[in-house]
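# Chains, contacts and geometry: an overview
Each chain, written out:
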Amino acid sequence: MRKSFLMTLALVLVASAAYASDAPAAGAAVGPTAAWATAIGMAIAAGLCGLGQGMGLKAACEGTARNPEAGGKLTVTLILGLAFIESLAIYALVVNLILLFVKPLGA
Amino acid sequence: MMQRTLVQRIDALLYRRGFAVADARKLMRNQVLLAVAGSALACLGTGFSGWGLSFAAGALIISVNFWWLVKAAQELVKVRHGAVFTLLTLFYGRLVLTGVAIAALVAWLGASVFGLLAGLSTVVINATLWGVLQIRHKVPVTGNGKEA
């Protein structure tokens, strides 16, 4: 599982670099490269944040099922965890939008 | 006295809006107060500059986002029959709206990204403060544990 994920990631990165090197001028390659970078970056951020949120929710549901009286405390801890994880996804979104629209790396 | 009344009013409003868990209600109330106070400070302190307005926009977006997150999380741990579709719609609708709002601010309205990021960080500050205060208010364990 991990090996196939890493291989897919490596292939995508190599392909994007190859496509970028095909461009005639270095300045023109920044646009597509930035688009690839934002797409891959957002995909990684969303995927990993989804994994984290799912694991947290799973643990909270199991805890509440085992001990329903602790449900209130578990809910608050769950909310905090979800908020932290989702903040990371939102930060990633903002950074990707900056790369796409503000273009700090050039046009 | 006035501050206590304001806090009680916010608590009562949140309770009516479905924030049944007391600690979740306190978290949401702290977020509202932090967002409002931070936005007022940022706007007044910078003379309603782009940075201040971006901070206020970020704080508003993340507070609305947090509102729906808390409501969804309260229900997620005890899902009732038939509530799954509503919960999913709420969860993904909230995410889509947040994404569209941030995209509109960054891409088309030209908001200050640092101000926006600072506004979005209010929820992280709120959660961190909550955690620190919980650790500080925890009653220390007395004895050496051999009684058990």
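Criteria and cut-off values
- Residues numbered from 1 in each chain as written.
- Chains lettered and ligands numbered in written order.
- Predicted model: local features only at pLDDT ≥ 70, side-chain atom pairs only at ≥ 80, totals over all residues.
- Helix = DSSP H or I, 4+ residues; strand = E, 2+ residues; numbered from the N terminus.
- Buried ≥ 20, exposed ≤ 12 C-beta atoms within 10 Å, placed from the backbone.
- Contact = placed C-beta atoms within 7 Å.
- pLDDT = per-residue confidence, 0-100.
- Core = buried A, V, L, I, M, F, W, Y, C linked by C-beta atoms within 7 Å.
- Axes fitted to C-alpha atoms, helices over the stretch in contact; angles between N-to-C directions.
- Parallel < 35°, antiparallel > 145°, perpendicular 65-115°, else oblique.
- Nonpolar A, V, L, I, M, F, W, Y, C, P; charged D, E, K, R; others polar.
- Expected span 1.5 Å × (residues − 1).

## Details of the overall build of chain A
Counting secondary structure elements, chain A contains 3 helices and 0 strands. Starting at the N terminus and walking to the C terminus, you meet the elements of chain A as α-α-α. Taken over 107 residues, chain A has a buried fraction of 17%. Restricting to contacts in chain A with at least 6 residues of sequence separation, those with at least 24 account for 66%.

## A short note on the overall build of chain B
The helix and strand inventory of chain B stands at 6 helices and 0 strands. When the helices and strands of chain B are placed in sequence order, the string is α-α-α-α-α-α. Looking at chain B as a whole, 32% of its 148 residues are labelled buried. A separation of at least 24 residues holds for 65% of the contacts in chain B among residues at least 6 apart in sequence.

## Quick notes on the confidence of the model for chain A
Residues and elements named next belong to chain A. Model confidence for chain A is summarised by a mean pLDDT of 78, while 68% of its residues fall at 70 or above. Of all helices and strands in chain A, the one with the weakest mean pLDDT is helix H1 (residues 2–22) (58), whereas helix H3 (residues 71–102) scores best (87). Within the model, the stretch residues 22–27 combines pLDDT values under 50 with 3 contacts to residues more than four positions away or in other chains.

## Comments concerning the confidence of the model for chain B
All names here are of chain B. The share of residues in chain B with pLDDT of 70 or more is 85%, and the mean pLDDT across the chain is 84. Ranking the elements of chain B by mean pLDDT puts helix H1 (residues 2–16) last, at 83, and helix H2 (residues 22–45) first, at 92. Both scores are available for the predicted complex, with the pTM at 0.75 and the ipTM at 0.72.

## Some points on the environment of Asp11 of chain B
Residue and element names in this part refer to chain B. Its place among the elements puts Asp11 in helix H1. Since 16 C-beta atoms lie within 10 Å of it, Asp11 is described here as partly exposed. Distance from Asp11 to Trp51, taken between C-alpha atoms, is 31 Å for residues 40 residues apart in sequence. Discounting residues that sit within four places of it in the chain, Asp11 has contacts with Arg25 and Arg29.

## As for the nonpolar core
The biggest cluster of nonpolar side chains holds 42 residues, and the ones touching the most others in it are Ile79 and Ala83 of chain A together with Ala24 and Val70 of chain B. Contributing elements (two or more residues each) for this core: H3 of chain A together with H2, helix H3 (50–76), helix H4 (84–108), helix H5 (113–120) and helix H6 (122–137) of chain B. Filtering out sequence-adjacent residues up to four positions away, Ile79 of chain A remains in contact with Ala24, Leu27, Leu69, Val70 and Ala73 of chain B.

## Describing the packing of H3 of chain A against H2 of chain B
Running from amino to carboxyl end, H3 of chain A crosses H2 of chain B at an angle of 30°, the nearest separation of the two axes being 8 Å. One way to sum up the angle between H3 of chain A and H2 of chain B is to call them roughly parallel. Mapping the contact onto sequence places Gly72, Thr75, Val76 and Ile79 of chain A in H3 of chain A and Asp23, Ala24 and Leu27 of chain B in H2 of chain B. Split by residue class, the contact of H3 of chain A with H2 of chain B holds 4 nonpolar, 2 polar and 1 charged.

## Some words on the interface of chain A and chain B
On the chain B side, the residues contacting the 24 residues of chain A number 27 residues. Of all the elements in the fold, those that place two or more residues in the side of chain A that touches chain B are helix H2 (26–66) and H3 of chain A. Among the elements that make up the side of chain A that touches chain B, the one with the highest residue count is H3 of chain A (20 residues). Classifying every residue of the side of chain A that touches chain B gives 18 nonpolar, 5 polar and 1 charged.

## Describing unusual backbone geometry
Negative phi characterises most residues that are not glycine, and trans characterises most peptide bonds. One non-glycine residue with positive phi stands out, namely Phe48 of chain B, at about 55°. Within the secondary structure layout, Phe48 of chain B lies in the loop between H2 and H3.

## Remarks on H3 of chain B
Taking 1.5 Å per residue as the helical rise, H3 of chain B with its 27 residues ought to reach 39 Å, and the 38 Å between its terminal C-alpha atoms agrees with that figure. In terms of burial, H3 of chain B is largely enclosed, as 20 of its 27 residues are buried.

## Here we look at the packing of H3 of chain B against H4 of chain B
The packing of two helices is summarised by the inter-axis angle and the distance between the axes. Residue and element names in this part refer to chain B. The interhelical angle for the contact between H3 and H4, taken along N-to-C directions, is 170°, at an axis separation of 10 Å. The pairing of H3 with H4 is recorded here as roughly antiparallel in orientation. Across the interface between the two elements, Ala57, Ile61, Asn65, Trp68, Ala72, Glu75 and Leu76 of H3 pack against Leu87, Leu90, Phe91, Arg94, Thr98, Ala101, Ile102 and Leu105 of H4. Looking at the contact of H3 with H4 residue by residue, the classes come out as 11 nonpolar, 2 polar and 2 charged.

## Quick word on the environment of Ala60 of chain A
With respect to the element layout, Ala60 of chain A can be found in helix H2. Assessed through the 22 C-beta atoms surrounding it within 10 Å, Ala60 of chain A is described here as buried.

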